[in-house]
Amino acid sequence: MTADEQHQQLLAKLEPFGQQHVLQFWEELSPGERDELADQVAALDLALIDALHRGEVDQPDWGELSRRAEPPAVVRLAEQVGGSVSESHAAAARQRGEQALAAGEVGVLLTAGGQGSRLGFDLPKSMYPIGPISQASLLEIHVAKVRALAKRYGKAIPLYLMTSPATHADTVRFIEENQRFGLAESDLFVFCQGTMPAVDIQSGKLLLGKKHRLFQSPDGHGGTVAALAASGALEDMRRRGIQSLFYLQVDNPLVPIGDPELLGYHLLAESELTSVAVAKQTPEDKLGVFAKIDGQMHVIEYSDLPDEIAELRDAHGELKIWAGSIAVHVFATKLFERVQTQADSLPQHIARKLVPHLGPSGTLVSPTEPNALKFEKFIFDLLPKATNPVVVELAEEACFGPLKNAPGAEKDTAEYVQQMMLAQHRRWLEAAGARLAPGVKVEISPSFALDAVGVAERIEPGQTFETSQFLSGD
Ligand code: UTP
């Protein structure tokens with residue numbers, strides 16, 4: 001095709017939607033740059049973008065829906081550690097989960113496509129050296145847990161790692177430089193999620209990041225659904241007989257990956273989607289919340305939950321809508337299979353953002369007010385589609401320390417996450433009868449022990465730690 005023909009073809013797609021400005025620098029572009037732009041335009045669903053901008057795609061009125069929100073049934077912490085009946089349920093769950101792990105039916109799905117804009121770290125968040133003593137990266141810690149879990153149950157556990165165009169190249173290089181952190185090649189499946197463009201709030205016009213490139217962002221963690229199928233990951237799961245996927249996001253090193261009890265609650269309930277909740281401490285906690293609305297399970301984002309609903313209390317003075325989502329789930333693989341056949345399996349969320357972009361003269365425009373609409377899908381929107389959704393409460397200190405913010409913020413900074421890791425490891429050691437001198441920090445590698453039980457197997461009661469150290473089993 002000649003450059004002219006290519007230009008005509010692109011115009012024919014763009015003009016009906018008034019987006020021909022995307023080609024305004026065409027004459028200045030090299031053949032390679034023209035191809036890049038052409039590929040981006042070819043992948044666009046302009047009718048959808050147009051409808052989203054015009055407000056023609058129904059957006060749920062969460063303010064209204066929240067008024068009908070009821071707390072869902074949750075497997076509460078107290079039930080898991082409580083009386084004999086519940087103890088037997090917890091034990092049965094643990095046994096069922098262990099059975100699935102030993103049968104090789106469990107995989108791990110880790111999303112690492114986000115841009116980590118709040119953290120202000122130049123590289124993908126997965127590369128952040130979070131280990132308080134080891135300086136191990138977030139990715140290394142997650143992989144070490146997967147390996148330790150596979151070793152414990154004597155069966156390979158495949159890791160499906162999702163990147164995005166924003167993080168893919170650096171992540172793949174990091175993995176190669178570190179020999180996959182010891183994971184077998186056949187047990188690591190890296191796949192890349194899609195992107196969505198941003199449009200000007202007023203005009204709906206697509207924004208350019210460069211003369212030959214649209215401004216595009218990862219399409220949200222809900223992009224996992226399409227990317228799993230498009231990449232062949234679902235096919236790989238089918239081939240390996242993976243029936244349950246333990247899902248987590250890369251920024252939280254406290255996740256008890258593959259926790260057998262959680263898997264067991266999921267499997268015993270024949271659930272397609274089981275999620276972890278932690279109890280919100282205050283109405284202002286910035287966590288999405290689980291809620292039943294008109295009989296269906298949802299997560300309502302914290303920004304969508306009206307204050308007066310967040311503040312409601314039950315007869316015991318506890319928050320009524322209390323169950324906060326920490327983005328840890330167990331999915332039945334068949335749920336991902338099933339929703340592939342549904343055209344709009346997940347809704348688009350629309351956010352108003354500040355997006356620097358190229359102006360008509362080709363110079364960078366840096367807005368000071370939100371100027372753009374961005375579109376993202378969220379994985380938790382699969383909840384209303386799932387059969388028998390289950391929510392299981394865990395203690396926050398056992399599972400939730402997300403790295404979100406740059407130093408100086410009140411919560412979710414590297415320092416905050418490291419304190420949580422060290423506190424957890426101290427609890428495990430002390431429960432095993434070890435003594436730590438005041439101020440001593442001990443970091444435990446997943447290769448040394450995965451949890452309190454694992455620590456108790458390796459530590460002598462009375463063992464003392466006089467100096468800060470990293471306990472590794474490698
Ligand atoms: P967040 O929405 O917190 O985004 O995603 P983020 O990239 O960590 O940080 P900010 O908001 O830009 O500061 C939560 C998790 O979901 C993954 C991220 O990698 C993160 O682990 N995610 C998010 C994706 O994999 N893809 C996306 O498109 C968005």
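Data block above holds the structure.
Residues numbered from 1 in each chain as written. Predicted model: local features only at pLDDT ≥ 70, side-chain atom pairs only at ≥ 80, totals over all residues. Heavy atoms only, no water.

**Remarks on the overall build of the protein chain**
Step number 1: Across its full length, the protein chain carries 16 helices and 22 strands.
Step number 2: Here the C-alpha atoms of the protein chain give a radius of gyration of 24 Å, agreeing with the 23 Å that 2.2 N^0.38 yields for 474 residues.
Step number 3: Along the first, second and third principal axes, the C-alpha atoms of the protein chain reach 75 × 55 × 45 Å.
Step number 4: The buried share among the 474 residues of the protein chain stands at 51%.
Step number 5: For the protein chain, the share of sequence-separated contacts (at least 6 apart) that also reach a separation of at least 24 residues comes to 75%.
Step number 6: Carbon and sulfur atoms make up 49% of the accessible area of the protein chain, which amounts to about 21,800 Å² in all. (Helix = DSSP H or I, 4+ residues; strand = E, 2+ residues; numbered from the N terminus. Rg over C-alpha atoms; globule rule 2.2 N^0.38 Å. Buried < 20%, exposed > 50% of the residue type's maximum accessible area, 1.4 Å probe, protein only. Contact = heavy atoms within 4.5 Å. Areas by Shrake-Rupley, 256 points an atom, 1.4 Å probe, with all protein chains shown as cover.)

**Remarks on the pairing of strand β11 (residues 289–293)**
Step number 1: Counting buried residues in β11 gives 4 out of 5 residues, a clear majority hidden from the surface.
Step number 2: Bridge analysis of β11 against strand β12 (residues 296–300) gives 5 bridges, and the strand direction is antiparallel. In the strand pairing of β12, Val289 is matched with Ile300.
Step number 3: The antiparallel pairing of β11 with β12 creates a hairpin that spans 2 residues between the two strands, and Asp294 there sits at a positive phi of about 50 degrees. (Pairing = 2+ DSSP bridges.)

**Examining the site of the ligand**
Step number 1: Near the ligand, the surroundings consist of 18 residues, among which Gly116, Ser117, Lys125, Gln193 and Lys404 are the closest.
Step number 2: Gly113 is positioned such that a nitrogen or oxygen atom in its backbone is 2.8 Å from an oxygen atom of the ligand.
Step number 3: One nitrogen or oxygen atom from the main chain of Gly220 is found 2.9 Å from an oxygen atom belonging to the ligand.
Step number 4: Surface burial for the ligand is 86%, taken as the share of its 560 Å² of free accessible area covered by protein chains. (Near = heavy atom within 4 Å. Polar contact = N/O pair within 3.5 Å; in protein donor to acceptor, adjacent residues only side chain to side chain.)

**A short note on the pattern of salt bridges**
Step number 1: Here the structure, examined in full by the defined rule, presents 20 salt bridges.
Step number 2: Arg238 is the salt-bridge partner of Glu337, the closest N and O atoms lying 2.9 Å from each other. Remark: Arg238 occurs in helix α10 (residues 233–240) and Glu337 occurs in helix α13 (residues 333–340); sequence separation between them is 99 residues. (Salt bridge = Lys/Arg side-chain N within 4 Å of Asp/Glu carboxyl O.)

**Quick look at the sheet that holds strand β14 (residues 349–353)**
Step number 1: Read across the open sheet, the 3 strands follow the order β5-β17-β14; overall the sheet is antiparallel. Whereas interior strands pair on both sides, the edge strands pair on one side only; in this sheet they are β5 (199–200) and β14.

**Comments concerning the packing of α10 against α13**
Two numbers describe a pair of packed helices, the interaxial angle and the distance between the axes.
Step number 1: Where α10 meets α13, the closest approach of the two axes is 11 Å, and the angle between their N-to-C directions is 135 degrees. Classified by the interaxial angle, the pair formed by α10 and α13 is oblique. The crossing of α10 and α13 is left-handed. In this structure, α10 contributes Leu234, Met237 and Arg238 to the contact, and α13 contributes Thr333, Phe336, Glu337 and Gln340.
Step number 2: Here the residues of the contact of α10 with α13 sort into 3 nonpolar, 2 polar and 2 charged. (Axes fitted to C-alpha atoms, helices over the stretch in contact; angles between N-to-C directions. Parallel < 35°, antiparallel > 145°, perpendicular 65-115°, else oblique. Left-handed = near helix turned anticlockwise from the far one by under 90°. Nonpolar A, V, L, I, M, F, W, Y, C, P; charged D, E, K, R; others polar.)

**Topic: the side chain of Asn405**
Step number 1: Locating Asn405 in the fold gives a position in the loop between α14 (396–399) and α15 (414–431).
Step number 2: At 3.0 Å, the side chain of Asn405 and the backbone oxygen of Lys411 are in polar contact.
Step number 3: Beyond its immediate sequence surroundings of up to four residues, Asn405 is in contact with Arg118, Leu119, Lys411, Asp412, Thr413 and Ala414.

**As for unusual backbone geometry**
Step number 1: A positive phi angle, near 45 degrees, is found at Gln179, a position not held by glycine.
Step number 2: Residue placement: Gln179 occurs in the loop between α8 (168–177) and β3 (188–192).
Step number 3: For Glu270, which is not glycine, the phi dihedral falls at a positive 50 degrees.
Step number 4: Taking relative accessible area as the criterion, Glu270 reaches 63% and is therefore assigned exposed.

**Quick look at the packing of helix α1 (residues 3–14) against helix α2 (residues 31–42)**
Step number 1: Direction vectors running N to C along α1 and α2 enclose 25 degrees, while the axes themselves pass 11 Å from each other. Here α1 lies roughly parallel to α2, going by the angle between them. Relative to α2, the crossing made by α1 is left-handed. Across the interface between the two elements, Ala3, Gln6, Leu10, Lys13 and Leu14 from α1 touch Arg34, Asp35, Ala38, Val41 and Ala42 from α2.
Step number 2: Of the residues belonging to the contact of α1 with α2, the class tally is 6 nonpolar, 1 polar and 3 charged.

**Here we look at the layout of surface pockets**
Rolled over the atoms, a probe as big as a water molecule pinpoints where empty space is left.
Step number 1: Looking at the second largest pocket, its volume works out to about 1,200 Å³.
Step number 2: Taken together, 49 residues make up the lining of the second largest pocket; nearest its centre are Pro256, Asp259, Trp428, Leu450 and Asp451.
Step number 3: Those elements that place two or more of their residues in the lining of the second largest pocket are α5 (77–81), α6 (84–102), α7 (138–153), α11 (260–268), α14, α15, β20 (442–444) and α16 (452–458).
Step number 4: A total of 8 residues in the lining of the second largest pocket trace back to one element, the largest contributor, which is α7. (1 Å grid on protein atoms, 1.4 Å probe; cavity = no way out; pocket = protein on both sides within 12 Å on 5 of 7 lines; lining within 4 Å. Points joined across faces, edges and corners; volume = space filled by probe spheres on them.)

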